[in-house]
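What follows is the residue order along each chain.
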Amino acid sequence: METAKNRIVALLQSKQLIYYTLSLVVIPVAAWILAISTKGYDASFTSLAKVHAEVPVLWLINFLPIVFAVLSVSFLKAYKRKVEELEGEVTVKSQIISKNAFFAKQIGEGNFKVDISCQDGDVLAKSLLVMRDNLLKNSTKEAEEAWIAEGKEIISNILRIHNKLDELSYEVLVSLIKYTKVVQGAFYFYDDERNLIVNLASYAYNRRKYIKQEFKIGEGLIGQCAYERDLIYRTEVPGDYVSITSGILGDQKPKSIIMIPLISDEKLYGILEFASVSEIPPLTIRFFKELAEIIARTIFNISVNERTARLLHESQQMTEELKENEEELRQNAEEMMATQEELEQSNNRLESQIKEVENVQKKLHSLLENASEVISIYNKDLELSYISPSVTSILGFTPEEMVQGMDKDRLTKKGEESLDELFQNLLYNPNESYTIQYTFMKKNGDKIYLEVTGRNLLSDPAISGIILNMQDITERKRAEKEERMKSKMQALSENSPDLIMRLSMMGQVFYINPTVNSYFDIDAKSIQNQTVAASSLPEPLVVFLMDAIGKIGETKQKLEDDISFDSNFGKTIMHIVAIPEFNENELETILFVSHDITESKRIGMEIQEKNRNITESINYAQRIQSSILPDNRLIRKYLPNSFIFYLPRDVVSGDFPWMFVKDPNTIYVAAVDCTGHGVPGALLSFIGYFILNNTVDRDRYLSAGEVLDALHNEVRTTLKQDRVDADARDGMDIALCKIDLKNNVLEFAGAHRPLYLLRDSQLQEFKGERRAIGGIPSAKKAEQPFTNHTIQLQPSDRVFVFSDGLPDQVGGPDKKKYSAARIREHIVRNAHLPMSEHEEFFNKDFSEYKGDVKQIDDILLIGIEF
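Residues numbered from 1 in each chain as written. Predicted model: local features only at pLDDT ≥ 70, side-chain atom pairs only at ≥ 80, totals over all residues. Heavy atoms only, no water.

**Points about the overall build of the protein chain**
What counts is decided by this rule: Starting at the N terminus, helices and strands are each numbered in turn, a helix being any DSSP run of H or I of at least four residues and a strand any DSSP run of E of at least two. Burial classes follow relative accessibility: with a 1.4 Å probe on protein chains only, a residue under 20% of its type's maximum area counts as buried, one over 50% as exposed, and anything between as partly exposed. Note on definitions: a residue-residue contact is assigned when non-hydrogen atoms from the two residues lie within 4.5 Å. Charge counting treats Lys and Arg as positive and Asp and Glu as negative, with His and both chain ends excluded. A single reference atom marks each charge: NZ on Lys, CZ on Arg, CG on Asp, CD on Glu.
Assigned secondary structure in the protein chain consists of 23 helices and 30 strands. Once the C-alpha set of the protein chain is aligned to its principal axes, its extents read approximately 240 × 95 × 65 Å. For the protein chain, with 866 residues in total, the buried portion stands at 38%. Restricting the contact set of the protein chain to residue pairs at least 6 apart, pairs at least 24 apart contribute 57%. Treating the 101 positive side-chain charges of the protein chain as one cloud and the 128 negative ones as another, the clouds have centres 10 Å apart.

**Details of the sheet that holds strand 12 (residues 465-472)**
Note the cut-off: We treat two strands as partners when DSSP finds at least two bridges between them. For every element, the axis is a line fit to its C-alpha atoms; helices are fit only across the contacting stretch, and the angle between N-to-C directions ranges from 0 to 180 degrees.
Strands sit in the order 9-8-12-11-10 across an open sheet of 5 strands; the sheet is antiparallel. The open sheet has two edge strands, strand 9 (384-387) and strand 10 (433-441), and neither has a second partner. If you compare each strand with its neighbour and ignore which way they point, the axes differ by 25° on average. The sheet contact formed by strand 11 (residues 447-457) and strand 12 spans 8 bridges and is antiparallel. If you follow L450 over to strand 12, its bridge partner there is D472. Across the sheet, helix 12 (residues 413-428) is in contact with strand 8 (373-378), strand 10, strand 11 and strand 12; its angle to strand 10 comes to roughly 160°.

**Observations regarding the environment of N431**
In this fold, N431 is placed in the loop between helix 12 and strand 10. Sequence-wise, N431 and L457 are 26 residues apart; in three dimensions their C-alpha atoms are separated by 8.7 Å.

**Considering the sheet that holds strand 24 (residues 762-766)**
Across a sheet, strands are paired by hydrogen bonds formed along the backbone, either parallel or antiparallel in direction. Strand order in the open sheet formed by 5 strands is 18-30-27-23-24, with antiparallel pairing between adjacent strands. Each of the sheet's edge strands pairs with one partner strand only, and the pair in question is strand 18 (642-647) and strand 24. If you compare each strand with its neighbour and ignore which way they point, the axes differ by 15° on average. Direction of pairing for strand 27 (residues 798-802) relative to strand 30 (residues 859-865): antiparallel, over a ladder of 5 bridges. Counterpart to R798 in the pairing with strand 30 is E865. Along the sheet, helix 22 (residues 820-829) contacts strand 23 (755-759), strand 24 and strand 27; its crossing angle with strand 23, the most-contacted strand, is approximately 25°. Set on the sheet, helix 23 (residues 835-850) makes contact with strand 18, strand 27 and strand 30; between it and strand 18 the angle comes to about 20°.

**Remarks on the environment of G121**
Its location among the elements puts G121 in the loop between helix 5 (57-108) and helix 6 (123-161). As for G121 and P795, which are separated by 674 residues in sequence, their C-alpha atoms are 109 Å apart.

**Some thoughts on helix 8 (residues 220-228)**
Owing to its 3.6 residues per turn, the α-helix aligns residues three or four sequence positions apart on the same side. Turning to helix 8, its buried residues number three or more, namely L221, I222, G223, C225 and A226. The elements touched by buried residues of helix 8 are strand 1 (184-191), strand 2 (196-204), strand 4 (214-216), strand 5 (232-234), strand 6 (256-264) and strand 7 (267-276). The positive-phi residue at the C-terminal boundary of helix 8 is R229, with phi of around 55°.

Read these as spatial facts, not as claims about activity.
Take a look at the structure:
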């Protein structure tokens, strides 16, 4: 640049420009000469002027050197100014380059604190500043990373050295406090077996502190850190925070605290706690966080190592113990084998004994069920607490029925007094046993004789009661009676009015009593040892005797028949029973007992006549009973969808349906089951029928339960059961309904009989009282009024009442009772049938179920649909 400038100055100051300018003067002169010569003018100024006038372009040529000189000077001056400007810019650039070069040199030497001013357009300076800032940032980051790495290295060395958790925790805590320059800290270990956070080490102001602390999960800041499993950093320290004062710093409290959970594989192993008198830098917090997992893994390894060492130690101890026990076990095994053999033998003996006991128990149970006696136990209040299953076969009642009070209800007054006296004697003399006999009415109404022996075993813990052995002695009574009669017959045989003889199979007379003389004037001794054929006995009698000997010789069976012949008493009819007599299974003799039935035959004829009259009377009674009892026609008149299934066992019935129409809206309907059947039952049914009619006709406001109360009292009064010496326990069971058609309400009361309500295919049972109408009241327990059940009727409701004849009927393949459950099942299963078909269904089902079995009681079932 300087050279160009200098050249330009030299050019402007040199003579060359003058020479160049003067050289250009030649061009006008030459033009003048050329023009003058062309014009043919002479060389003079006149010619010169003349040619200028003729050729004006000569003027332009004349000024050409001047213009050239002016233009050249102007160009050179402008060029000079430009050169000067460029020189100034070059100088500035040089200064900037020098400054930037110095700045770059300082940065390169690591002096990141140097700074420079940056002018607009100084791209290099800006780039250098950006580069400095980046280098400074990288340097700071590298320093932080180096600080963290150094800290990790220090702590890692400690972690590698120690394998005891107590020593490790203290060394780690002290190193971290010193390295991070905080004032205090604590190391906590999480005891997962106790679920507690335990303080292992505390350090503050360059001294170890011995603080015993334990926190539960969620308790305090430590517990909260464990619960959240996240770092807690607070610059607002709680007032109750445990701060450690220093003798040097006084009571200065921390300004910031931090809790770092030690977690590895998402499992908590401990917590680090630090406190600082200033805010803890983020780098330190980051250092704590990165270090936490390393410490956690180390704690995990130490825990595993300690657990492994403990297990190894225990295993070694166990191995030693096992070795010591092995020999003992071996010896014990030999003893056990010997003992096992003994045990097997003992087990075999025990199994045999158990089987024997089981067989004994089965035999005992079978004996109890099939025993000829009933065993019952009464408690100290003389209430029946147990009775053996044999009661069902002997008395006809189930054990449950007896426990519920059926035992004394079937006794006579005398029998009940004897039983009470038995109990009093047993209580007064507990060491004595007493025996009584009384009659008892079985469930089917039969009377039997019972012999009861009682013993007081209230002090026996196995029994704790008074035990009674009840034996059916009816057969024994009968045998005794027969024996008595036999003894009497033997004693009176000689004077017996019957003709008695014993014949051999050949017809030889071994014995004949003196009665033969009264009939035939034959001395008994005269025909003994003779054959009947050779005797003078009437021929029809001889023929019968010989014929009987022949038949019995073939059949070995008893034979009896009636024959007639002439005797001293005229035409005589005798009933002869021929009884074969065996001696060691060999038919030896035949005993003929001939009883004169001439009179009895006559009486029989009279009895037949009387029976015919009685039958006619019973048939008449049946017509009377049928005429007063309601039938399907009557009940369907007021209750159209109803039926009565009525099947008496005999001509007349103890069961009877009853119906009373109080008014068009009030109707009484009942199924009544009187004690017994046949004529006695029918007589009782009349009593019940008329008492019911009188009761409901007399008072229109009685409920169903009140009707039964009145019936109960009237029956007792009528049968004189309210007297002291009464022993008649006749009565009746009943299911009674009072139907209010206007308000669609049904009242029900029952005595031993239930009511079934079928509504929406669901069957509901309303049970009657567990006592009958009539009978002798118990002096020990006051009777309660009959319960009155009220049912709000709905359209299509169906009710069923019945006597016990249908459920008690025996039949079917197993000869079991028809049962109330079968009635309920049929009602529900045949709910789709119209009520008019139910009677036909039950009649058919009852007939099929009964089969060839005799009908045991009267049958009555009433069904009503509303």
